[in-house]
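Residue-level listing of the chains:
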Amino acid sequence: MATHKILLLPGDGIGPEVSDEVSAIIDWMNNAEIMDGATFEVEKYLVGGAAYDAHKVAISEDAMKLALNADAVLFGAVGGPKWDDVPYDARPEAGLLRLRKDLSLFANLRPAICYPALADSSSLRREVVEGLDILIVRELTGGVYFGEPKEIVDLENGQKRAIDTQVYDTYEIERIAEVAFDLARTRQNKVCSMEKRNVMKSGLLWNEVVTAIHRQKFSDVELSHMLADAGGMQLVRWPKQFDVIVTDNLFGDMLSDVAAMLTGSLGMLPSASLGAPDKETGKRKAMYEPVHGSAPDIAGQGAANPIAMIASFAMALRYSFGMVELATCVEKAIATVLDQGIRTGDIMSEGMTKVGTNGMGAAILAEIQKDYDK
Ligand code: NAD
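Scoring rules and cut-offs
- The written sequence of each chain sets the order in which its residues are numbered from 1.
- In keeping with the model being predicted, local features are shown solely for residues with a pLDDT of at least 70 and side-chain atom pairs are shown and tallied solely at 80 or more, while totals for entire chains, interfaces and linings include all residues.
- Values reported for side chains reflect all heavy atoms of the structure, with hydrogen atoms and water molecules removed beforehand.
- These domain limits were set by an automatic method or by a database of domain assignments.
- Contacts are assigned to residue pairs with any non-hydrogen atoms lying within 4.5 Å of each other.
- In this description, buried area is defined as the sum, over both parts, of the accessible area (probe of 1.4 Å) that is lost when the two are combined.
- Counted as salt bridges are all cases of a side-chain nitrogen of Lys or Arg within 4 Å of a carboxyl oxygen of Asp or Glu.
- Should DSSP find at least two bridges between two strands, the strands are regarded as paired.
- The helix count covers DSSP runs of H or I at least four residues long, the strand count covers runs of E at least two residues long, and both are numbered beginning at the N terminus.
- Axes, fitted as lines to C-alpha atoms, cover a helix only where it is in contact. Angles between the N-to-C directions of the axes lie from 0 to 180 degrees.
- Expected helix span is taken as 1.5 Å per residue step, with the number of steps being one fewer than the number of residues.
- Relative accessibility under 20% of the residue-type maximum defines a buried residue, over 50% an exposed one, and the middle range a partly exposed one, all with a 1.4 Å probe and only protein chains included.
- The definition of a nonpolar core used throughout is a set of buried Ala, Val, Leu, Ile, Met, Phe, Trp, Tyr and Cys residues joined through side-chain atoms within 4.5 Å.
- Under this definition, polar contacts are N or O atom pairs within 3.5 Å; protein pairs additionally need one hydrogen-donor-capable and one acceptor-capable atom, and for neighbouring residues in sequence, both atoms have to be side-chain atoms.
- Distances are taken per atom, and a residue is near a molecule or strand as soon as one of its heavy atoms is within 4 Å of it.
- For classification purposes, an angle smaller than 35 degrees is called roughly parallel, one larger than 145 roughly antiparallel, one from 65 to 115 roughly perpendicular, and anything else oblique.
- Each helix crossing is assigned a hand: it is left-handed if the near helix lies turned anticlockwise from the far helix by less than a right angle, otherwise right-handed if that turn is clockwise.
- Put simply, two rings from Phe, Tyr or Trp (the six-membered ring, in Trp's case) pair if the centres are within 6.5 Å, and we call them stacked under 30 degrees between planes, edge-to-face over 60, tilted for the rest.
- Remark: a charge is flagged as sitting over a ring if the NZ atom of Lys or the CZ atom of Arg is within 6 Å of the ring centre and within 35 degrees of the ring normal.

> Any chance you could explain the domain arrangement of the chain here in plain terms?
Frequently, the measure chosen for interface size is the accessible area that the parts lose on association. We note that the domain assignment places domain 1 (1–106 + 275–374) and domain 2 (111–266) within the chain. Domain 1 and domain 2 are separated by 25 Å when their C-alpha centres are compared. With 17 residues of domain 1 in contact, the opposing surface of domain 2 contributes 16 residues. Where domain 1 abuts domain 2, roughly 1400 Å² becomes buried across the two surfaces, and 69% of that area is made up of carbon and sulfur atoms. For the domain 1 face of the interface with domain 2, the top three residues by lost area are Phe 106, Tyr 319 and Leu 338, together amounting to 39%. The tally of links from domain 1 across to domain 2 stands at zero salt bridges.

Here it is as structure tokens:
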């Protein structure tokens, strides 16, 4: 019988509030005997400002050890004005960065799904976004954010020179392309690779390597290439033309935020970050987290939208535990609750029923239960 080890790191602000709703779903799943004998074993630890208050670090060594051994890490959110003045190395975000680095999470997955019930909260017209379901796969550990040299040099003539280095090795492009192609096979089987090969050497290599991996291992997947600036335009012109988009760290940072805004609120957006498959087990290290932060402005009020966190857990079911049916059930439950007109404050509109964090979590859990009672 499989035991899936989850490390839950709720963090600060609304992090613990939205995490509680996922804990309730996990507890129900563990007791409902719907997983062919499999169970989730959850360990909960502090991270971010909460960890600083308790241990003067952003994440403890004990938590890091558990993270390295977990099948999946579920991360809430960190930060807040209370910790603005803590030492740089112990600032709340340092916990998140350490996890990404030590788990070598090189692939960031950001789905942009537009639920029909929320199509009117997008800045684009309903017909452009309704039913949208795209996935941006962003390279997360290389490129211009990490390349050396990275410095500001004093030219001693009254001028300074700022240098960032965009650098990619073949293996870094190969492994992110493989993630994108693998995922496309579970979706609409289409990958669009975006770079700037017209002006960047790294773009030329990116294009060459993605094309070669496609030819060698994934010729059943439809591959297209687009310049990243044109890709940004196409994302707001007709986003439904895409299935999976694979791109580097810098372009992925921007394009995933553009795609996010197609779907409405920050409280709706999940994400996953994956590492390389383990040589023996084939399992990837993985962390799942909502895109939003700790929202100090609404923390402690029970008003946060837990959907991004619950949808992040659904991604864990799909990508770390291979429980595709259960993942789909959770995602369907979210859509149904939205269809019923249940809304947290951030997605509230006229005529809808306003609930708090717990009200939304309970409504989604009730729909999941209904699906399994059938
Ligand atoms: P934020 O995402 O926390 O909040 C932005 C706005 O969106 C706020 O008005 C907030 O109330 C609202 N919002 C966010 N999530 C929501 C939800 N689930 N339901 C309802 N409303 C929601 O971003 P910010 O205000 O720029 O940052 C606040 C703190 O969070 C800062 O300390 C920042 O460093 C940190 N942060 C952490 C992460 C992370 O942990 N991954 C990411 C972004 C920001």
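> How should I be thinking about the sheet that holds strand E3 (residues 72–77) in this particular structure?
Sheet strands line up and pair through hydrogen bonds in the backbone, either parallel or antiparallel. Spatial ordering of the open sheet is given by E2-E1-E3-E12-E11-E4-E5-E10-E8-E9, a layout of ten strands whose pairing is mixed. Two strands in the sheet have a free side with no partner beyond their single neighbour: strand E2 (39–44) and strand E9 (222–227). Strand-to-strand twist in this sheet, taken as the mean axis angle between neighbours without regard to direction, amounts to 20 degrees. Direction of pairing for strand E8 (residues 190–195) relative to E9: parallel, over a ladder of six bridges. Bridging across to E9, Ser 193 finds its partner in His 225. With respect to the sheet, helix H9 (residues 249–261) is in contact with strand E4 (107–113), strand E5 (133–139), E8 and strand E10 (244–247), its orientation differing from that of E5 by roughly 155 degrees.

> Sorry, what's going on with helix H1 (residues 15–31) here?
Because an α-helix completes one turn every 3.6 residues, residues spaced three or four positions apart along the sequence face the same direction. Taking 1.5 Å per residue, 17 residues should reach 24 Å; H1 reaches 25 Å between its end C-alpha atoms and fits that length. Burial in H1 covers these residues: Gly 15, Glu 17, Val 18, Ser 19, Glu 21, Val 22, Ile 25, Ile 26, Trp 28 and Met 29. In the core, the buried residues of H1 are packed alongside strand E1 (3–11), E2, E3, helix H10 (307–319), helix H11 (324–339) and helix H12 (357–373). Looking one or two residues beyond H1, the residue adopting positive phi is Glu 33, at roughly 50 degrees.

> Would you mind showing me how to read the nonpolar core here?
Nonpolar side chains in soluble globular proteins tend to end up buried together. One finds Met 29, Phe 40, Leu 74, Leu 109, Val 137, Phe 313 and Leu 317 to be the most contacted residues of the largest nonpolar core, which totals 71 residues. Built from parts of two domains, this core gets at least three residues from each of domain 1 (1–106 + 275–374) and domain 2 (111–266). Ignoring anything within four residues of it in the chain, the contact list for Phe 313 reads Ile 6, Val 22, Ile 25, Ile 26, Met 29, Phe 40 and Leu 74.

> In this structure, what is going on with the side chain of Lys 196? I would like to understand it.
Here Lys 196 shows up in the loop between E8 and helix H7 (201–217). At 3.1 Å, the side chain of Lys 196 forms a polar contact with the side chain of Asp 229. Setting aside chain neighbours within four positions, we find Lys 196 in contact with Gly 203, Leu 227, Ala 228, Asp 229 and Phe 251.

> Would you take a moment to explain the site of the ligand for this structure?
Near the ligand you find 21 residues, and of these Val 78, Gly 293, Ala 295, Asp 297 and Asn 305 are the closest. Measuring from an oxygen atom of the ligand, one finds a side-chain N or O atom of Glu 93 at 3.1 Å. Asn 305 is positioned such that a nitrogen or oxygen atom in its backbone is 2.9 Å from a nitrogen atom of the ligand. Of all the secondary-structure elements, those providing two or more residues to the shell around the ligand are E3 and helix H4 (92–102).

> Got a minute to help me understand the packing of H10 against H11 in this structure?
Packing of H10 against H11 leaves a shortest axis separation of 7 Å and a crossing angle of 160 degrees. The angle between H10 and H11 falls in the class roughly antiparallel. Between H10 and H11 lies a crossing of left-handed hand. Contacts from Ile 307, Ile 310, Ala 311, Ala 314, Leu 317 and Arg 318 in H10 reach Val 324, Leu 326, Ala 327, Thr 328, Val 330, Glu 331, Ile 334 and Leu 338 in H11.

> Just to check I follow, could you spell out the packing of aromatic side chains for this structure?
By convention here, two paired aromatic rings are described through the distance between centres and the angle between planes. Following the criterion strictly, the structure yields five aromatic pairs and no others. On the basis of an interplanar angle of 70 degrees and a centroid distance of 5.5 Å, the ring pair of Tyr 168 and Trp 206 is categorised as edge-to-face. In this pair, Tyr 168 sits in the loop between strand E7 (160–165) and helix H6 (170–185) while Trp 206 sits in helix H7, placing the two residues 38 residues apart along the sequence. Of the two residues, Tyr 168 and Trp 206, neither departs from the other in class, the shared state being buried. By way of ring pairs, the aromatic residues Phe 40, Phe 313 and Phe 321 are connected into one cluster. A cation over a ring is seen here: Lys 56 above Tyr 52, with NZ or CZ 4.9 Å from the ring centre. A cation over an aromatic ring shows up here: Arg 175 above the ring of Phe 106, its NZ or CZ 4.1 Å from the ring centre.

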